[in-house]
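# Inside the fold
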Amino acid sequence: MFRKAGDSAKSIFDKSIDYAVNIADQNDDGKFDKEDMAAIVGNVGSVMKKGATAVKETAEESSRKLELKLLQPFFPENLDEADFFMSKFIRVTDRDKKHAESEVCQGSIGYLSEQKGMKYVNIFKDSLGAFGLTFMPDAESEFYYIDPSDRDRYIALDDYFGHMKVMRINELQRIAQDLGAKHFRVTFKEEKKTLIELNNEVKVKVGKVGGVDGEHEASEKKYSTIEIAAEMDFPGHAPIRPSLRYLKTDPSILNLVEMRMNEKAPLMHQHYVLKMSNSSGIKVSDAVKIDAVIKGVKMAGNVSVESEVQSEARRYLEYEIDFI
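This report concerns the structure included in the present document. (Residues numbered from 1 in each chain as written. Predicted model: local features only at pLDDT ≥ 70, side-chain atom pairs only at ≥ 80, totals over all residues. Heavy atoms only, no water.)

## A few points about the packing of aromatic side chains
- A full pass over the atoms with the stated rule returns 10 aromatic pairs.
- Measuring from ring centre to ring centre gives 5.8 Å for Tyr145 and Tyr160, while their planes differ by 85 degrees; the resulting arrangement is edge-to-face. On the criterion of sequence distance, the pair formed by Tyr145 in strand β6 (residues 143-147) and Tyr160 in helix α4 (residues 160-178) is long-range, its members being 15 residues apart. Each member of the pair, Tyr145 as well as Tyr160, carries the same accessibility label: buried.
- Linked through ring pairs, Phe74, Phe84 and Phe131 together constitute an aromatic cluster. (Phe/Tyr/Trp six-rings, centres within 6.5 Å; stacked < 30°, edge-to-face > 60°. Helix = DSSP H or I, 4+ residues; strand = E, 2+ residues; numbered from the N terminus. Buried < 20%, exposed > 50% of the residue type's maximum accessible area, 1.4 Å probe, protein only.)

In structure tokens form, the structure reads like this:
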């Protein structure tokens, strides 16, 4: 019994030896020799080389991902993606050195930035044509804000409030013409910056001495600017519903249109005071962030956007329109 067991063990051992030789026999000559050893060493080296290559490729991919995260480039194909959003505030800039020299940025048309809680798009000047945007008055400025009436139009920040003033005055003129007015006048008014402080002084004087003269003086000095912005006469005609852009949400203008279009109750004369901040498009909270961004790129302006928004809150358009 033991002999049979020994014979079995020997058979298994011999087969194991044969299997090992077959594995080690790299040149198929039935034996394990120096040539086979050299082949094994070569194979091990090849495996190690492949492993090193894989490690290198992984490192390069990690480096590429890190560079994309830091430089935030985007490409023409990204413009059509559902998650790509063109910011209201944008910057038009030259292609800087780090984006120009980076391999991962080759073919990019701009990059994304975030400062002080504001995310915005930087567009390279040499790629403006890829966006299909209109720039007012031209594309020679650096900072722009979206036209509230057209998502594909951007207005230079330096000209923004002046441009918006002209656009709304022009729209009031077109409204008068479409509604068949015979005469209209738009008067631009701006309150004094110290009006609130002055009114508080008047209230104190009223409590002490009656302050009648002080109240009258405050009323006379209410506006620092009063100017006729537009005035015109027309022959008059049946009303046509106007297409509204900048004033499409102003309740006074919407009411004017509806009353004029109502043939059962003919409208003869209307007078409105429109607060310009209601349709200016830039909020104070956004203005603060924009100023921080501009300061961050070391582009100090003469007037901050925040101060312009605050000034806009003191500006009005007085609209008088006659239909007879």
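Picking up where we left off.
## As for the sheet that holds strand β4 (residues 118-124)
- Strand order in this open sheet of seven strands is β1-β3-β4-β2-β6-β7-β5, and the pairing throughout is mixed. Each edge of the sheet is formed by a strand with only one pairing partner; in this case those strands are β1 (73-74) and β5 (134-136).
- Summarising the sheet, β6 and strand β7 (residues 150-156) pair through four bridges and their orientation is antiparallel. Looking at β7, one finds that Ile146 is bridged to Tyr154.
- Where α4 meets the sheet, it contacts β5, β6 and β7, and its direction lies at approximately 125 degrees from that of β7.
- Packing of helix α8 (residues 284-296) onto the sheet brings it into contact with β2 (89-93), β3 (110-115), β4 and β6, and relative to β4 it is tilted by some 50 degrees. (Pairing = 2+ DSSP bridges. Contact = heavy atoms within 4.5 Å. Axes fitted to C-alpha atoms, helices over the stretch in contact; angles between N-to-C directions.)

## Topic: helix α9 (residues 305-312)
- Those residues of α9 that sit buried are Val305, Val309, Ser311 and Glu312. Down the axis of α9, the buried side of the element spans an arc of 160 degrees, and every buried residue falls inside it.
- Elements in contact with the buried residues of α9: α4, β8 (183-191), α8 and β11 (315-322). (Arc of directions from axis to C-beta.)

## A closer look at the sheet that holds β11
- Taking strand neighbours across the sheet as the criterion, the four strands line up as β9-β8-β11-β10 in an open arrangement whose pairing is antiparallel. Two strands bound the open sheet, and with one partner strand each, they are β9 (223-233) and β10 (269-275). For this sheet the average axis-to-axis angle between neighbouring strands, irrespective of direction, equals 15 degrees.
- Pairing of β8 with β9 involves nine bridges; the strand directions are antiparallel. By the bridge assignment, Lys189 is partnered in β9 with Ile226.
- Across the sheet, helix α7 (residues 251-261) lies against β10 and β11, angled at about 160 degrees from β10, the strand it touches most.

## Details of α4
- For α4, built from 19 residues, the straight-helix expectation of 27 Å at 1.5 Å per residue is met to within 8% by its first-to-last C-alpha distance of 27 Å.
- For α4, the set of buried residues is Tyr160, Phe161, His163, Met164, Arg168, Ile169, Glu171, Leu172, Ile175 and Ala176.
- Looking one or two residues beyond α4, the residue adopting positive phi is Gly180, at roughly 80 degrees. (Expected span 1.5 Å × (residues − 1).)

## Structural notes on a negative patch on the surface
- The grouping of Glu77, Asp80, Glu81 and Asp83 at the surface amounts to a negative patch.
- When you line up the elements, Glu81 lands in the loop between β1 and β2.
- The partly exposed category is assigned to Glu81, whose relative accessible area is 38%. (Patch = residues over 30% accessible without salt bridge, like charges linked within 9 Å, V, L, I, M, F, W, Y side chains within 5 Å. Areas by Shrake-Rupley, 256 points an atom, 1.4 Å probe, with all protein chains shown as cover. Salt bridge = Lys/Arg side-chain N within 4 Å of Asp/Glu carboxyl O. Lys, Arg positive; Asp, Glu negative; His and termini not counted. Charge placed at Lys NZ, Arg CZ, Asp CG, Glu CD.)

## Points about the nonpolar core
- Grouped together as the largest cluster of nonpolar side chains are 34 residues, with contacts concentrated most on Phe89, Leu157 and Ile282.
- Contributing elements (two or more residues each) for this core: β2, β4, β6, β7, α4, α8 and α9.
- Contact partners of Leu157, with chain neighbours within four places excluded, come to Phe89, Phe143, Tyr144, Tyr145, Ile282, Ile290, Ile294 and Val305.
- Grouped together as the second largest cluster of nonpolar side chains are 24 residues, Val186, Leu247, Leu267 and Tyr319 included. (Core = buried A, V, L, I, M, F, W, Y, C linked by side-chain atoms within 4.5 Å.)

## What about the pairing of β10?
- On β10, burial follows the alternation: Gln270, Tyr272 and Leu274 on one face are buried, whereas His269, His271, Val273 and Lys275 on the facing-out side are not.
- Where β10 and β11 come together, seven bridges link them in antiparallel fashion. In the sheet register, Gln270 faces β11, and the bridge partner there is Ile321.

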